[in-house]
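Now for the letters of each chain:
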Amino acid sequence: MAGTVETTIRSVVAKGIEVVADFNRKHLPKTDHPFLTGIHLPLGGEMTLVDLPVTGTIPAALDGRYLRIGPNPVAPDPAGYHWFVGDGMVHGIALKHGKALWYRNRWIRSRAVGAALGEPPAPGPRHGDFDTVNTNVVGIAGRTWALVEAGSYPVELDETLEGQTYNPFGGTLEGSFTAHPHLDPLTGEHHAIAYEATDPGTIRHVVISAEGKVVRELPIAVKNGPSIHDCAITARYAVILDLPVTFSMKALIGGHRFPYRWNPDHRARVGLLPRHGTAAEVIWCDVDPAYVFHVANAYDDADGRVVMDVCAYETMFAGGPEGPNGRNLGLERWTIDPVGRTVARRTIDASPQEFPRPDERRFGQPYRYAYAMALPKSEEDQFLGATRLYKHDLETGARETHDFGTGRYPGEFVFVPAGTDAGEDEGWLIGLVIDLPHETTDLAIIDARNFSGPPVASVRVPHRIPPGFHGSWLTSQGG
């Protein structure tokens with residue numbers, strides 16, 4: 001870790017840069033922002049609704065909460081805004097005995113949100129000045145956590161979303177965290193690759209025990225400050241995606257709140273870190289330049305290679321400051337050879353798509369099915385505009401489609417198994433669908449084995465929930 005003098009110097013320099021950035025931000029255009037208008041228009045307040053109307057029959061096995069988080073600025077300012085940095089708002093729907101008990105939406109009480117609402121911010125220690133949390137909600141060790149990458153500590157949430165506490169896993173996390181920890185269902189550990197803009201030369205492999213404590217925080221040297229949104233695990237490795245989206249001082253000084261841009265001079269590579277190995281043991285393998293937000297899954301094959309399925313982009317954040325932008329290349333399979341240090345890329349499905357999710361009981365293991373959200377073919381639709389979900393059979397190559405119909409736009413859907421011993425696609429896909437013409441939202445529940453058929457049930461929320469990022473199904477037992 002940096003010494004006291006170095007830390008002081010960094011702090012002074014950072015404050016000086018922020019002064020310049022604030023000045024330049026005030027001179028950026030304040031015209032309508034595509035991620036603050038239309039379907040992305042933020043909600044104006046919090047609410048609690050009970051006994052929501054249900055169409056169809058909610059499966060009796062669904063006893064828990066569907067939680068999803070995303071950006072929802074309290075006081076939207078288009079100057080320098082980016083979708084990825086908006087104030088976090090978590091949405092929750094509780095299901096039990098075939099009923100939709102409640103819907104709640106709550107802002108994450110960062111310092112800025114607390115000040116805007118005239119309320120105290122959530123208690124707990126902060127990691128640096130930026131404490132916005134807006135990217136994922138997960139269950140770890142039977143507790144509920146809202147997450148963000150590259151900055152803030154996680155926020156622990158209570159059952160109703162009212163209780164919020166910034167919590168570095170009981171004081172065991174030293175640095176920033178990630179939006180995408182991956183649970184190894186065989187060990188109970190969560191693995192993460194974390195980074196932060198204030199330390200562009202280092203990323204960290206973070207491991208959380210089944211008891212919810214950080215047991216490993218391994219620094220790994222990198223260059224240029226890569227933005228690493230997701231990672232993967234196999235039985236042998238934690239997989240690092242060091243790709244050409246990196247920290248941009250020019251963007252930061254220019255007043256842009258998300259200071260990452262496409263960097264064609266940055267070496268694109270995938271790292272295979274032995275799960276208990278040192279930074280010197282990372283096996284770095286070059287890959288053709290591309291960017292990946294999300295990994296469906298990864299596993300070790302019989303020949304000692306790593307097979308990893310991803311949604312890939314030709315570039316990212318090269319087409320302007322707002323983003324995400326860049327041509328989506330569809331679902332690809334990357335086969336990583338640790339001996340030859342090569343990455344072979346093969347297209348599974350060239351249709352634009354994002355937010356791939358497997359049956360997470362298969363994380364780090366061979367698997368058959370992956371589910372994804374279709375993207376529009378035109379980048380001008382601001383990451384939305386398609387009305388479909390896909391189910392991929394990775395053994396046969398078949399793809400099924402669920403189409404919600406004109407004007408109905410799904411977000412990420414999560415697979416929920418029908419029971420502990422259920423088959424890999426025996427269960428339901430659950431997620432939010434915006435009905436834009438009617439300004440409402442449905443929580444849709446789809447039978448994974450009748451994927452193209454109508455939802456078995458849908459829960460109506462009588463307002464539009466703006467598009468967000470990630471979420472989870474958390475059972476009443478905390479899983």
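Our structure is the block above this text.
Throughout what follows, the structure given in this document is the object of discussion. If you're wondering where the values come from, they're calculated on a predicted model, not measured in any experiment. (Residues numbered from 1 in each chain as written. Predicted model: local features only at pLDDT ≥ 70, side-chain atom pairs only at ≥ 80, totals over all residues. Heavy atoms only, no water.)

### Focus: the sheet that holds strand β1 (residues 47-52)
Read from one edge to the other, the open sheet built from five strands follows the order β1-β5-β4-β3-β33, with strand pairing classed as antiparallel. A single partner strand is all that each edge strand has here, and the edge strands are β1 and β33 (471-475). Each strand axis lies, on average, 15° off the axis of its neighbour in the sheet, ignoring direction. As defined by bridge partners, strand β4 (residues 88-96) adjoins strand β5 (residues 99-107) across eight bridges and the pair is classed as antiparallel. Bridging across to β5, V90 finds its partner in R106. (Pairing = 2+ DSSP bridges. Helix = DSSP H or I, 4+ residues; strand = E, 2+ residues; numbered from the N terminus. Axes fitted to C-alpha atoms, helices over the stretch in contact; angles between N-to-C directions.)

### With respect to unusual backbone geometry
The phi dihedral of D51 is positive, around 50°, even though this residue is not glycine. Positive phi values are uncommon outside glycine, yet E439 reaches one of about 55°. Tracing the chain through its elements places E439 in the loop between β30 (427-435) and β31 (440-447). Note on E439: relative accessible area 37%, which makes it partly exposed. (Buried < 20%, exposed > 50% of the residue type's maximum accessible area, 1.4 Å probe, protein only.)

### What to know about the pattern of salt bridges
Within this structure, the stated rule accounts for 33 salt bridges. A cluster of three or more residues bridged by salt bridges with shared partners is formed by K391, E400, D425 and R449. (Salt bridge = Lys/Arg side-chain N within 4 Å of Asp/Glu carboxyl O.)

### Examining the nonpolar core
Nonpolar side chains tend toward joint burial in soluble globular proteins. I240, M308, W334 and I336 are the most contacted members of the largest nonpolar core, which totals 74 residues. With residues up to four places along the chain from it excluded, the contact list for I240 reads I193, I203, I220, I228, R269, V270, G271, L273, V282 and W284. Judged by nonpolar contacts, the second largest core, of 24 residues, contains L52, V416, L432 and L443. (Core = buried A, V, L, I, M, F, W, Y, C linked by side-chain atoms within 4.5 Å. Contact = heavy atoms within 4.5 Å.)

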